[in-house]
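Survey of secondary and tertiary structure
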Amino acid sequence: MLQRLIGYLLFIPFIVFYSYVLGPALKAVLVPGGLVIFFFILGPDAFFHHWRNAKSNTETTKEKGIQPG
């Protein structure tokens, strides 16, 4: 009983911290960092070509009202 109570007291704050603090902070760092790595790997021309294709596909699905995935 005491072990379970201690487990919940440790688990719940960790989940809240991860969901509302650590998760968004990691996304704010890792997503732009990944895009920068792609930029360096592909080069500027290829990167922006694929970026524009992805953006146009997203705008097309919004206009048609198609749900992605």
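Above this text is the structure in question.
The text that follows walks through the structure, step by step, so that each part is easy to find. Note that the coordinates shown come from a computational prediction; the quantities given were computed from them, not determined experimentally.

**Examining the packing of helix H1 (residues 2–42) against helix H2 (residues 44–64)**
Closest axis-to-axis distance for the H1/H2 pair is 6 Å, and the angle between their directions is 125°. By the angle between their axes, H1 is oblique relative to H2. Considering only the axes of H1 and H2, their crossing is right-handed. Contact residues: Leu35, Phe38, Phe39 and Leu42 in H1; Pro44, Ala46, Phe47, Phe48, His50 and Trp51 in H2. Grouping the amino acids of the contact of H1 with H2 by side-chain chemistry returns nine nonpolar, one polar and no charged.

Each value, and the rule that gives it
Residues numbered from 1 in each chain as written. Predicted model: local features only at pLDDT ≥ 70, side-chain atom pairs only at ≥ 80, totals over all residues. Heavy atoms only, no water. Axes fitted to C-alpha atoms, helices over the stretch in contact; angles between N-to-C directions. Helix = DSSP H or I, 4+ residues; strand = E, 2+ residues; numbered from the N terminus. Parallel < 35°, antiparallel > 145°, perpendicular 65-115°, else oblique. Left-handed = near helix turned anticlockwise from the far one by under 90°. Contact = heavy atoms within 4.5 Å. Nonpolar A, V, L, I, M, F, W, Y, C, P; charged D, E, K, R; others polar.

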